[in-house]
Amino acid sequence: MVTNFISDKAKIGNNVKIWHFTYVGDNVEIADNVKIGSLVHIDYDVKIGENTMIEGSVYIPPLSVIGKNVFIGPAAVLTNDPYPPSERLVGVTIEDNVVVGSRAVIRAGVTVGKNSVIAMGAVVTKDVPPDTVVAGVPAQIKYSRQEYDEKQKKWKNN
């Protein structure tokens, strides 16, 4: 029984874990130590950096680039066509150390800067500066990554 489809044109690094019912398209490059959850669709010409974790039911469109040490929460969607349906596609760029919350949606062509956080359910329609936390519909800057890290530390210690 086949539970995944992984293109024979995909390049998969060492120690990559791919859960059930996942699709990996042509010319995808997945670096070392990546974890990919169930029901994930990674379309063609996508690059994923090392130590990244992609939770279940995520869609990653063609031409997207995901950096190192990124976390993408369940059911997040990256889009590839700002004016669908058209024949001109553009991916999303997520730089290193970014956190994307569950059910967030990121518009085609957007760049999410290093060390940023996208809150769960946010709809990101424009570039996210580095070291910021965005939330809402449409997503707006709420506070810095440093404040996020402090809140996370406080949460862990209580």
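Okay, so let's go over this structure. Treat the numbers as computed from the prediction; the structure is a model and nothing was measured.

Cut-offs used in this document
- Residues numbered from 1 in each chain as written.
- Predicted model: local features only at pLDDT ≥ 70, side-chain atom pairs only at ≥ 80, totals over all residues.
- Heavy atoms only, no water.
- Helix = DSSP H or I, 4+ residues; strand = E, 2+ residues; numbered from the N terminus.
- Rg over C-alpha atoms; globule rule 2.2 N^0.38 Å.
- Buried < 20%, exposed > 50% of the residue type's maximum accessible area, 1.4 Å probe, protein only.
- Contact = heavy atoms within 4.5 Å.
- Lys, Arg positive; Asp, Glu negative; His and termini not counted.
- Charge placed at Lys NZ, Arg CZ, Asp CG, Glu CD.
- Pairing = 2+ DSSP bridges.
- Axes fitted to C-alpha atoms, helices over the stretch in contact; angles between N-to-C directions.

What follows deals with the overall build of the protein. Helix and strand counts for the protein come out as one helix and 21 strands. For 158 residues, the compact-globule estimate of 2.2 N^0.38 gives 15 Å, and the C-alpha radius of gyration of the protein, at 15 Å, lies within 12% of that figure. The dimensions of the protein, computed from C-alpha atoms along their principal axes, are 45 × 40 × 20 Å. The buried share of the protein, reckoned over its 158 residues, is 37%. Long-range pairs, those at least 24 residues apart, make up 17% of the contacts in the protein with a sequence separation of at least 6. Side chains of the protein give 17 positive and 17 negative charges; the mean places of these two sets differ by 7 Å.

Taken together, the eight strands give an open sheet; going across it, the order is β3-β6-β9-β12-β15-β18-β20-β21, and neighbouring strands pair in mixed fashion. The open sheet has two edge strands with one neighbour each: β3 (17–18) and β21 (140–144). Pairing of strand β18 (residues 117–118) with strand β20 (residues 132–135), which is carried by two bridges, proceeds in the parallel orientation. Its bridge partner lying in β20, V117 is registered against V133. Across the face of the sheet, helix α1 (residues 145–157) comes into contact with β15 (99–100), β18, β20 and β21 while running at roughly 65° to β21.

So, on to the sheet that holds strand β8 (residues 47–48). Consider a sheet: its strands pair through backbone hydrogen bonds, and that pairing is either parallel or antiparallel. Pairing within the open sheet is parallel, and its six strands lie in the order β2-β5-β8-β11-β14-β17. With partners counted over all chains shown, the strands left at the sheet margins are β2 (11–12) and β17 (111–112), one partner each. Note: strand β11 (residues 65–66) against strand β14 (residues 93–94), two bridges, orientation parallel. Across the sheet, residue I66 finds its bridge partner in β14, namely I94.

The subject of this paragraph is the side chain of T132. Inspection of the secondary structure assignment puts T132 in strand β20. Relative accessible area serves as the criterion here: at 10%, T132 is assigned to the buried category.

Between P84 and P85 the backbone carries a cis peptide bond, its omega angle lying at -15°. Mapped onto the secondary structure, P85 falls in the loop between β13 (77–78) and β14. Even without being glycine, N69 reaches a positive phi, approximately 60°. Assignment of secondary structure puts N69 in the loop between β11 and β12 (71–72). Since its relative accessible area comes to 39%, N69 is described here as partly exposed. In the Ramachandran plot, N97 falls in the positive-phi region, its phi being about 65° despite a non-glycine side chain.

Now for the pairing of β20. Burial along β20 is two-sided: T132 and V134 facing one way and V133 and A135 facing the other are all buried. Two elements, β20 and β21, share four bridges in a ladder whose sense is antiparallel. Bridging across to β21, T132 finds its partner in S144. Linking β20 back to β21 in an antiparallel pair, the connection comprises four residues, with G136 at a positive phi of about 100°.

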